[in-house]
Amino acid sequence: MAQSSKSPSNIDLGPTRHVLVMTLGLTGAVVTETLWAIARERPDDWPAEIRLVATRDGRKLLEKDIREQTRILSESLGKPMPELIYRIAHGGDGEQIADIRQQEDAVAFGDLVMQEVFEITEEPDTALHVSIAGGRKTMSYHAGAALTAYGRDHDRLSHVLVDPPEFETRGFWWPDQPEQTVQTRLGERKASEARLDLADIPYPRLRPLIPEEDLTEAMKYGEIIALTNALLNRTPLELFLYDRTVRYGEISFRLGAEEFALYYLAAERAKAGDPAIRMTAFDSHRKGPFRRFLQLYRMTDYGEARESAPPGKREEKGEQGLMQDFNRISSEAILADETRALVRYPRARLNGSLFRKLPDVRLRQRFAVGPRGYLAMGLKPDEIVLHP
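Being a predicted model, the structure only gives us computed values, none of them experimental.

**Digging into the packing of aromatic side chains**
- Under the defined criterion, the tally for this structure stands at five aromatic pairs.
- Ring geometry for Phe 260 against Tyr 264: centres 5.8 Å apart, planes inclined by 40°, an arrangement best described as tilted. Taken as a pair, Phe 260 and Tyr 264 lie in helix 6 (residues 257–272) at a separation of four residues, close to a single helical turn. The same class applies to Phe 260 and to Tyr 264, which are both buried.
- Over the ring of Tyr 203 we find Arg 205, and its NZ or CZ is 4.1 Å from the ring centre.

Shown next as C-alpha coordinates:
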(Lines give C-alpha, C1' and ligand atoms only; values in the text may rest on other atoms or scores of the structure.)
Protein backbone atom coordinates (compact mmCIF):
# COMPACT_ATOMS: atom_id res chain seq x y z
CA MET A 1 0.00 0.00 0.00
CA ALA A 2 1.43 3.36 -1.05
CA GLN A 3 2.36 5.71 1.74
CA SER A 4 1.07 9.24 1.87
CA SER A 5 3.41 11.82 0.37
CA LYS A 6 2.66 14.13 3.26
CA SER A 7 4.96 13.82 6.23
CA PRO A 8 3.66 14.93 9.64
CA SER A 9 5.65 18.14 9.28
CA ASN A 10 3.81 18.98 6.05
CA ILE A 11 0.29 18.52 7.40
CA ASP A 12 -1.56 21.77 8.08
CA LEU A 13 -2.99 21.38 11.56
CA GLY A 14 -4.60 24.80 11.49
CA PRO A 15 -4.15 27.42 14.20
CA THR A 16 -2.12 26.20 17.16
CA ARG A 17 -2.49 29.26 19.40
CA HIS A 18 -5.65 30.96 20.63
CA VAL A 19 -5.94 34.63 21.55
CA LEU A 20 -8.97 36.22 23.20
CA VAL A 21 -9.61 39.93 22.67
CA MET A 22 -12.15 41.53 24.98
CA THR A 23 -13.57 44.99 25.44
CA LEU A 24 -13.52 45.89 29.12
CA GLY A 25 -15.56 48.48 30.97
CA LEU A 26 -16.11 48.45 34.73
CA THR A 27 -17.20 44.81 35.12
CA GLY A 28 -14.33 42.36 35.44
CA ALA A 29 -16.52 39.25 35.65
CA VAL A 30 -16.93 39.19 31.87
CA VAL A 31 -13.37 37.81 31.67
CA THR A 32 -13.90 34.82 33.96
CA GLU A 33 -17.44 34.22 32.70
CA THR A 34 -16.13 33.99 29.13
CA LEU A 35 -13.21 31.73 30.13
CA TRP A 36 -15.51 29.42 32.11
CA ALA A 37 -17.89 29.11 29.15
CA ILE A 38 -15.00 28.43 26.73
CA ALA A 39 -13.72 25.65 28.99
CA ARG A 40 -17.18 24.06 29.06
CA GLU A 41 -18.12 24.45 25.41
CA ARG A 42 -14.82 24.51 23.50
CA PRO A 43 -11.98 23.41 25.79
CA ASP A 44 -9.49 23.23 22.91
CA ASP A 45 -9.99 26.98 22.36
CA TRP A 46 -8.61 27.91 25.77
CA PRO A 47 -6.61 31.10 25.13
CA ALA A 48 -2.89 31.45 25.71
CA GLU A 49 -3.31 35.21 25.77
CA ILE A 50 -6.07 37.67 26.60
CA ARG A 51 -5.87 41.24 25.33
CA LEU A 52 -8.12 43.52 27.30
CA VAL A 53 -8.86 46.68 25.31
CA ALA A 54 -9.91 49.02 28.07
CA THR A 55 -9.97 52.51 29.53
CA ARG A 56 -7.66 53.86 32.20
CA ASP A 57 -10.38 53.74 34.86
CA GLY A 58 -11.39 50.20 33.96
CA ARG A 59 -7.86 48.88 34.32
CA LYS A 60 -7.20 50.77 37.54
CA LEU A 61 -10.40 49.46 39.13
CA LEU A 62 -10.33 45.85 37.94
CA GLU A 63 -6.79 44.71 37.15
CA LYS A 64 -6.02 43.15 40.55
CA ASP A 65 -9.36 41.30 40.85
CA ILE A 66 -9.26 40.06 37.25
CA ARG A 67 -5.77 38.63 37.69
CA GLU A 68 -6.63 36.91 40.96
CA GLN A 69 -9.94 35.45 39.80
CA THR A 70 -8.45 34.32 36.48
CA ARG A 71 -5.70 32.51 38.40
CA ILE A 72 -8.21 30.76 40.67
CA LEU A 73 -10.42 29.75 37.73
CA SER A 74 -7.50 28.45 35.66
CA GLU A 75 -6.23 26.33 38.57
CA SER A 76 -9.70 24.91 39.26
CA LEU A 77 -10.03 23.88 35.61
CA GLY A 78 -6.50 22.51 35.35
CA LYS A 79 -5.70 25.02 32.61
CA PRO A 80 -2.64 27.24 32.21
CA MET A 81 -3.37 30.82 33.21
CA PRO A 82 -3.62 33.02 30.10
CA GLU A 83 -1.28 35.98 29.80
CA LEU A 84 -3.26 39.14 30.55
CA ILE A 85 -2.31 42.12 28.37
CA TYR A 86 -4.00 45.51 28.69
CA ARG A 87 -4.33 47.92 25.79
CA ILE A 88 -5.44 51.42 26.74
CA ALA A 89 -6.53 54.02 24.17
CA HIS A 90 -4.89 57.45 24.27
CA GLY A 91 -6.60 60.73 23.50
CA GLY A 92 -5.37 63.61 21.37
CA ASP A 93 -3.46 65.01 24.36
CA GLY A 94 -1.43 61.81 24.63
CA GLU A 95 -3.05 60.82 27.93
CA GLN A 96 -4.84 57.53 28.54
CA ILE A 97 -8.60 57.80 28.07
CA ALA A 98 -10.47 57.52 31.36
CA ASP A 99 -13.84 56.68 29.78
CA ILE A 100 -15.51 56.61 26.37
CA ARG A 101 -17.73 59.67 26.58
CA GLN A 102 -16.83 61.92 23.66
CA GLN A 103 -16.59 61.37 19.93
CA GLU A 104 -12.80 61.64 19.89
CA ASP A 105 -12.59 59.01 22.66
CA ALA A 106 -14.69 56.59 20.62
CA VAL A 107 -12.55 57.20 17.52
CA ALA A 108 -9.33 56.57 19.46
CA PHE A 109 -10.74 53.36 20.92
CA GLY A 110 -11.90 52.22 17.48
CA ASP A 111 -8.42 52.81 16.05
CA LEU A 112 -6.84 50.84 18.90
CA VAL A 113 -9.05 47.78 18.64
CA MET A 114 -8.64 47.84 14.85
CA GLN A 115 -4.85 47.74 15.35
CA GLU A 116 -5.05 44.84 17.81
CA VAL A 117 -7.31 42.72 15.62
CA PHE A 118 -5.19 43.39 12.53
CA GLU A 119 -1.96 42.36 14.27
CA ILE A 120 -3.42 39.09 15.55
CA THR A 121 -5.04 38.12 12.25
CA GLU A 122 -1.70 38.60 10.50
CA GLU A 123 -0.37 35.60 12.47
CA PRO A 124 -1.35 32.48 10.45
CA ASP A 125 -0.95 30.05 13.37
CA THR A 126 -3.24 32.06 15.66
CA ALA A 127 -7.02 31.80 16.04
CA LEU A 128 -8.71 34.96 17.27
CA HIS A 129 -11.76 35.03 19.52
CA VAL A 130 -13.32 38.47 20.04
CA SER A 131 -15.75 38.92 22.91
CA ILE A 132 -17.99 41.98 22.99
CA ALA A 133 -19.37 41.28 26.47
CA GLY A 134 -17.62 44.15 28.28
CA GLY A 135 -17.57 47.92 28.11
CA ARG A 136 -19.88 50.49 26.62
CA LYS A 137 -21.89 49.64 23.51
CA THR A 138 -19.60 51.81 21.38
CA MET A 139 -16.61 49.73 22.54
CA SER A 140 -18.36 46.47 21.72
CA TYR A 141 -19.44 47.71 18.32
CA HIS A 142 -15.93 48.81 17.40
CA ALA A 143 -14.55 45.39 18.34
CA GLY A 144 -17.15 43.62 16.21
CA ALA A 145 -16.51 45.97 13.30
CA ALA A 146 -12.77 45.30 13.53
CA LEU A 147 -13.34 41.55 13.25
CA THR A 148 -15.74 42.12 10.35
CA ALA A 149 -12.95 43.95 8.55
CA TYR A 150 -10.07 41.58 9.27
CA GLY A 151 -11.58 38.31 10.53
CA ARG A 152 -10.69 35.03 8.84
CA ASP A 153 -12.81 31.88 8.48
CA HIS A 154 -11.67 30.40 11.80
CA ASP A 155 -11.94 33.60 13.87
CA ARG A 156 -14.85 33.86 16.28
CA LEU A 157 -17.11 36.59 17.67
CA SER A 158 -19.13 36.00 20.83
CA HIS A 159 -21.03 37.44 23.76
CA VAL A 160 -21.45 35.75 27.15
CA LEU A 161 -24.98 35.71 28.53
CA VAL A 162 -25.73 35.50 32.27
CA ASP A 163 -29.09 34.17 33.44
CA PRO A 164 -30.89 35.18 35.55
CA PRO A 165 -29.84 38.82 35.09
CA GLU A 166 -29.49 39.53 38.82
CA PHE A 167 -26.19 37.64 38.76
CA GLU A 168 -24.70 40.54 36.83
CA THR A 169 -23.40 41.94 40.09
CA ARG A 170 -20.19 42.33 42.07
CA GLY A 171 -19.13 39.10 43.73
CA PHE A 172 -20.22 36.79 40.92
CA TRP A 173 -17.38 35.50 38.72
CA TRP A 174 -18.54 32.03 37.50
CA PRO A 175 -21.11 29.42 38.62
CA ASP A 176 -18.86 27.03 40.56
CA GLN A 177 -16.64 29.67 42.14
CA PRO A 178 -15.32 28.93 45.66
CA GLU A 179 -17.34 31.71 47.30
CA GLN A 180 -20.85 30.55 46.51
CA THR A 181 -22.90 33.18 48.34
CA VAL A 182 -23.61 36.14 46.08
CA GLN A 183 -25.50 39.24 47.16
CA THR A 184 -27.86 40.22 44.33
CA ARG A 185 -30.48 42.95 44.15
CA LEU A 186 -33.04 40.23 44.96
CA GLY A 187 -31.18 38.98 47.99
CA GLU A 188 -28.62 36.24 48.58
CA ARG A 189 -28.25 33.58 45.88
CA LYS A 190 -25.92 30.67 45.22
CA ALA A 191 -23.49 31.23 42.35
CA SER A 192 -24.23 27.69 41.13
CA GLU A 193 -27.79 28.79 40.33
CA ALA A 194 -26.50 31.01 37.51
CA ARG A 195 -26.37 29.87 33.93
CA LEU A 196 -23.75 31.07 31.45
CA ASP A 197 -24.07 30.73 27.70
CA LEU A 198 -21.45 31.72 25.17
CA ALA A 199 -23.44 32.97 22.19
CA ASP A 200 -21.61 32.87 18.88
CA ILE A 201 -22.36 35.87 16.68
CA PRO A 202 -22.24 35.33 12.91
CA TYR A 203 -20.52 38.22 11.15
CA PRO A 204 -19.75 39.17 7.54
CA ARG A 205 -16.09 38.72 6.61
CA LEU A 206 -14.95 41.59 4.43
CA ARG A 207 -11.24 40.76 4.45
CA PRO A 208 -11.34 39.00 1.02
CA LEU A 209 -12.70 42.23 -0.50
CA ILE A 210 -9.79 44.35 0.74
CA PRO A 211 -6.99 44.68 -1.83
CA GLU A 212 -3.74 42.98 -0.81
CA GLU A 213 -1.85 46.26 -0.87
CA ASP A 214 -4.20 47.56 1.84
CA LEU A 215 -3.38 44.65 4.16
CA THR A 216 0.20 45.69 4.83
CA GLU A 217 -0.68 47.75 7.90
CA ALA A 218 -3.67 48.41 10.10
CA MET A 219 -6.03 51.11 8.92
CA LYS A 220 -7.69 53.55 11.25
CA TYR A 221 -11.32 52.88 12.04
CA GLY A 222 -12.58 55.68 9.78
CA GLU A 223 -10.34 54.53 6.93
CA ILE A 224 -11.60 50.94 6.98
CA ILE A 225 -15.20 52.15 7.05
CA ALA A 226 -14.62 54.45 4.06
CA LEU A 227 -12.78 51.75 2.13
CA THR A 228 -15.30 48.97 2.70
CA ASN A 229 -18.21 51.28 1.92
CA ALA A 230 -16.50 52.23 -1.31
CA LEU A 231 -15.89 48.58 -2.17
CA LEU A 232 -19.41 47.45 -1.31
CA ASN A 233 -21.60 50.35 -2.33
CA ARG A 234 -19.69 51.60 -5.37
CA THR A 235 -20.86 55.10 -4.58
CA PRO A 236 -20.43 57.06 -7.83
CA LEU A 237 -18.05 59.96 -8.25
CA GLU A 238 -20.09 62.99 -9.31
CA LEU A 239 -18.63 66.00 -11.09
CA PHE A 240 -20.61 69.24 -11.50
CA LEU A 241 -19.05 71.23 -14.34
CA TYR A 242 -20.29 74.80 -13.90
CA ASP A 243 -19.53 75.11 -10.20
CA ARG A 244 -16.43 72.83 -10.28
CA THR A 245 -17.72 70.55 -7.52
CA VAL A 246 -16.54 67.01 -6.81
CA ARG A 247 -18.92 64.86 -4.78
CA TYR A 248 -18.49 61.35 -3.42
CA GLY A 249 -21.28 60.36 -1.06
CA GLU A 250 -21.16 62.85 1.81
CA ILE A 251 -17.77 64.21 0.74
CA SER A 252 -18.02 67.36 -1.37
CA PHE A 253 -15.43 69.96 -2.36
CA ARG A 254 -14.50 72.35 -5.18
CA LEU A 255 -11.38 72.46 -7.33
CA GLY A 256 -9.75 75.31 -9.19
CA ALA A 257 -10.86 75.85 -12.79
CA GLU A 258 -7.72 74.34 -14.35
CA GLU A 259 -7.64 71.32 -12.08
CA PHE A 260 -11.34 70.65 -12.41
CA ALA A 261 -11.28 70.93 -16.21
CA LEU A 262 -8.51 68.33 -16.32
CA TYR A 263 -10.36 66.05 -13.87
CA TYR A 264 -13.59 66.37 -15.83
CA LEU A 265 -11.73 65.49 -19.02
CA ALA A 266 -10.27 62.36 -17.40
CA ALA A 267 -13.73 61.39 -16.16
CA GLU A 268 -15.30 61.91 -19.59
CA ARG A 269 -12.73 59.67 -21.20
CA ALA A 270 -13.05 56.97 -18.52
CA LYS A 271 -16.83 56.97 -18.88
CA ALA A 272 -16.50 56.66 -22.68
CA GLY A 273 -13.83 53.95 -22.43
CA ASP A 274 -11.21 56.11 -24.19
CA PRO A 275 -7.50 55.34 -23.71
CA ALA A 276 -5.14 57.22 -21.42
CA ILE A 277 -3.53 60.42 -22.68
CA ARG A 278 0.25 60.74 -22.63
CA MET A 279 1.00 64.00 -20.87
CA THR A 280 4.09 64.80 -22.97
CA ALA A 281 1.86 65.11 -26.03
CA PHE A 282 -1.06 66.70 -24.24
CA ASP A 283 -0.04 70.33 -24.60
CA SER A 284 -0.04 70.34 -28.40
CA HIS A 285 -2.78 72.72 -29.55
CA ARG A 286 -3.44 70.47 -32.52
CA LYS A 287 -4.58 67.58 -30.32
CA GLY A 288 -8.26 66.93 -29.62
CA PRO A 289 -7.80 66.30 -25.85
CA PHE A 290 -6.19 69.69 -25.39
CA ARG A 291 -8.97 71.42 -27.29
CA ARG A 292 -11.49 69.68 -25.06
CA PHE A 293 -9.54 70.67 -21.95
CA LEU A 294 -9.64 74.31 -23.02
CA GLN A 295 -13.38 74.11 -23.66
CA LEU A 296 -13.96 72.72 -20.18
CA TYR A 297 -11.63 75.25 -18.62
CA ARG A 298 -13.48 78.17 -20.19
CA MET A 299 -16.83 76.70 -19.25
CA THR A 300 -15.84 76.35 -15.59
CA ASP A 301 -14.44 79.89 -15.67
CA TYR A 302 -17.79 81.06 -17.07
CA GLY A 303 -19.51 79.06 -14.34
CA GLU A 304 -17.58 81.00 -11.70
CA ALA A 305 -18.67 84.31 -13.23
CA ARG A 306 -22.23 83.01 -13.53
CA GLU A 307 -22.38 82.34 -9.77
CA SER A 308 -21.58 85.99 -9.00
CA ALA A 309 -24.17 87.35 -11.44
CA PRO A 310 -27.49 88.74 -10.16
CA PRO A 311 -30.16 86.00 -9.81
CA GLY A 312 -32.24 87.33 -12.69
CA LYS A 313 -29.31 87.36 -15.10
CA ARG A 314 -28.22 83.92 -13.89
CA GLU A 315 -31.61 82.39 -14.66
CA GLU A 316 -32.08 84.39 -17.84
CA LYS A 317 -29.25 82.56 -19.54
CA GLY A 318 -30.71 79.13 -18.96
CA GLU A 319 -29.53 75.81 -20.33
CA GLN A 320 -30.03 76.91 -23.96
CA GLY A 321 -27.75 79.89 -23.47
CA LEU A 322 -25.11 77.72 -21.86
CA MET A 323 -25.11 75.39 -24.85
CA GLN A 324 -24.75 78.39 -27.18
CA ASP A 325 -21.69 79.43 -25.19
CA PHE A 326 -20.33 75.91 -25.47
CA ASN A 327 -20.73 75.93 -29.25
CA ARG A 328 -19.05 79.33 -29.46
CA ILE A 329 -16.09 78.11 -27.43
CA SER A 330 -15.78 75.00 -29.59
CA SER A 331 -15.50 77.05 -32.77
CA GLU A 332 -12.93 79.57 -31.50
CA ALA A 333 -9.33 79.40 -32.65
CA ILE A 334 -7.01 78.17 -29.93
CA LEU A 335 -3.65 79.86 -29.47
CA ALA A 336 -1.07 77.52 -27.98
CA ASP A 337 1.04 80.31 -26.51
CA GLU A 338 -1.73 81.61 -24.24
CA THR A 339 -2.99 78.21 -23.07
CA ARG A 340 -0.04 75.84 -22.89
CA ALA A 341 0.93 77.11 -19.44
CA LEU A 342 -2.36 75.82 -18.07
CA VAL A 343 -1.22 72.19 -18.39
CA ARG A 344 2.51 72.44 -17.72
CA TYR A 345 2.24 70.26 -14.61
CA PRO A 346 -1.49 69.48 -14.63
CA ARG A 347 -1.66 65.91 -13.42
CA ALA A 348 0.63 66.38 -10.42
CA ARG A 349 -1.15 69.58 -9.46
CA LEU A 350 -4.55 67.91 -9.72
CA ASN A 351 -3.50 64.90 -7.62
CA GLY A 352 -2.02 67.25 -5.04
CA SER A 353 -5.38 68.99 -4.73
CA LEU A 354 -7.23 65.67 -4.44
CA PHE A 355 -4.84 64.46 -1.74
CA ARG A 356 -5.51 67.60 0.27
CA LYS A 357 -9.28 67.40 -0.12
CA LEU A 358 -9.93 63.67 0.39
CA PRO A 359 -9.72 62.52 4.03
CA ASP A 360 -8.58 58.95 3.44
CA VAL A 361 -5.47 57.68 1.67
CA ARG A 362 -7.36 54.79 0.04
CA LEU A 363 -9.87 57.19 -1.48
CA ARG A 364 -7.00 59.38 -2.68
CA GLN A 365 -5.46 56.42 -4.47
CA ARG A 366 -8.78 55.38 -5.96
CA PHE A 367 -9.72 58.78 -7.34
CA ALA A 368 -6.29 60.02 -8.41
CA VAL A 369 -5.42 60.33 -12.08
CA GLY A 370 -2.47 58.44 -13.49
CA PRO A 371 -0.32 56.42 -13.94
CA ARG A 372 2.71 58.65 -13.99
CA GLY A 373 3.08 60.43 -17.30
CA TYR A 374 -0.52 59.75 -18.34
CA LEU A 375 -3.96 61.20 -17.78
CA ALA A 376 -6.40 58.42 -16.92
CA MET A 377 -8.94 57.55 -14.25
CA GLY A 378 -9.22 54.06 -12.79
CA LEU A 379 -12.99 54.11 -12.25
CA LYS A 380 -15.51 52.09 -14.24
CA PRO A 381 -18.03 53.95 -16.43
CA ASP A 382 -20.93 53.20 -14.07
CA GLU A 383 -18.96 54.71 -11.17
CA ILE A 384 -18.90 58.16 -12.77
CA VAL A 385 -21.77 60.64 -13.03
CA LEU A 386 -21.18 63.85 -14.98
CA HIS A 387 -23.38 66.92 -14.51
CA PRO A 388 -23.41 70.24 -16.45
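**As for unusual backbone geometry**
- Along the chain, Asp 163 connects to Pro 164 via a cis peptide bond; the corresponding omega equals 0°.
- The residue Pro 164 is located in the loop between strand 5 (156–163) and strand 6 (181–184) in this model.
- Look at the link from Gly 370 to Pro 371: it is a cis peptide, with omega at 0°.
- Among the secondary structure elements, Pro 371 is positioned in the loop between helix 11 (361–367) and strand 13 (374–375).

**A word on the sheet that holds strand 9 (residues 237–240)**
- Across the sheet, which stays open at both edges, the four strands sit in the order 11-10-9-14 with mixed pairing between neighbours. In this open sheet, the two strands that pair with only one neighbour each are strand 11 (251–254) and strand 14 (384–387). On average, adjacent strands in this sheet sit at an angle of 15° to one another, irrespective of strand direction.
- Bridge analysis of strand 9 against strand 10 (residues 245–248) gives four bridges, and the strand direction is antiparallel. Its bridge partner being in strand 10, Phe 240 is matched across the sheet by Thr 245.
- On top of the sheet, helix 6 reaches strand 9, strand 10 and strand 14; it is set at about 125° to strand 14, its chief contact.

**Thoughts on the nonpolar core**
- By size, the foremost hydrophobic cluster in this structure holds 36 residues, and its most contacted members are Tyr 263 and Met 377.
- Looking at this core, the element that brings in the most residues is helix 6, giving ten residues.
- Setting aside residues up to four positions removed in sequence, Met 377 forms contacts with Leu 237, Tyr 263, Ala 266, Ala 267, Ala 270 and Ile 384.
- Counting 34 residues, the second largest nonpolar core, distinct from the first, contains Phe 109, Met 114, Ala 146 and Ile 210.

**Brief notes about the sheet that holds strand 2 (residues 49–54)**
- Here we have six strands laid out as an open sheet, ordered 3-2-1-4-5-8, and mixed in their pairing. Strands at the two margins of the open sheet, each flanked by one partner only, are strand 3 (83–88) and strand 8 (195–200). Along the sheet, successive strands turn relative to each other by an average axial angle of 25°, direction set aside.
- In the sheet, strand 5 pairs with strand 8 via six bridges, with the strands oriented antiparallel. Bridge assignment links Val 162 to a residue of strand 8, and that residue is Leu 196.
- Packed on one face of the sheet, helix 2 (residues 56–77) meets strand 1 (17–24), strand 2 and strand 3 and runs near 175° to strand 3.
- Its contacts with the sheet place helix 4 (residues 137–150) against strand 1, strand 2, strand 4 (126–131) and strand 5, and it is angled at close to 150° to strand 1.

**Let's talk about the pairing of strand 2**
- Burial of strand 2 is extensive: six of the six residues sit out of reach of the surface.
- Burial along strand 2 is two-sided: the residues Glu 49, Arg 51 and Val 53 and Ile 50, Leu 52 and Ala 54 are all buried.
- Of the strand pairs in this sheet, strand 1 and strand 2 are connected by six bridges, and their pairing is parallel. When the sheet's bridge partners are listed, Val 19 is paired in strand 2 with Glu 49.

**Topic: the confidence of the model for the protein**
- Residues with a pLDDT of 70 or more make up 80% of the protein, whose mean pLDDT is 82.
- This model gives residues 1–11 a pLDDT under 50, and the stretch forms one contact once residues within four places in sequence are excluded.
- Long-range and interchain partners of residues 303–344, a stretch whose pLDDT sits below 50, account for 49 contacts in this model, where long-range means more than four residues apart.

**Some thoughts on the side chain of Ser 353**
- Topologically, Ser 353 is positioned in helix 10 (residues 346–357).
- On the basis of relative accessible area, Ser 353 is assigned to the buried category, the value being 4%.
- Ignoring any residue separated from it by four or fewer positions in sequence, one finds Ser 353 in contact with Leu 255 and Glu 259.

**Considerations on the pairing of strand 5**
- Across three bridges, the pairing between strand 4 and strand 5 is parallel. Bridged to His 129 within strand 5 is Arg 156.

**What about the pattern of salt bridges?**
- Counted under the stated rule, the structure contains 24 salt bridges.
- Salt-bridge contacts for Arg 42 lead to Asp 45; the nearest nitrogen and oxygen are separated by 3.7 Å.
- Since its relative accessible area comes to 36%, Arg 42 is described here as partly exposed.
- Through salt bridges with shared partners, one network takes in Arg 17, Glu 49, Arg 51, Arg 87, Glu 116, Glu 119 and Glu 123.

Calculation criteria
Residues numbered from 1 in each chain as written. Predicted model: local features only at pLDDT ≥ 70, side-chain atom pairs only at ≥ 80, totals over all residues. Heavy atoms only, no water. Phe/Tyr/Trp six-rings, centres within 6.5 Å; stacked < 30°, edge-to-face > 60°. Helix = DSSP H or I, 4+ residues; strand = E, 2+ residues; numbered from the N terminus. Buried < 20%, exposed > 50% of the residue type's maximum accessible area, 1.4 Å probe, protein only. Lys NZ or Arg CZ within 6 Å of the ring centre and 35° of its normal. Pairing = 2+ DSSP bridges. Axes fitted to C-alpha atoms, helices over the stretch in contact; angles between N-to-C directions. Contact = heavy atoms within 4.5 Å. Core = buried A, V, L, I, M, F, W, Y, C linked by side-chain atoms within 4.5 Å. pLDDT = per-residue confidence, 0-100. Salt bridge = Lys/Arg side-chain N within 4 Å of Asp/Glu carboxyl O.

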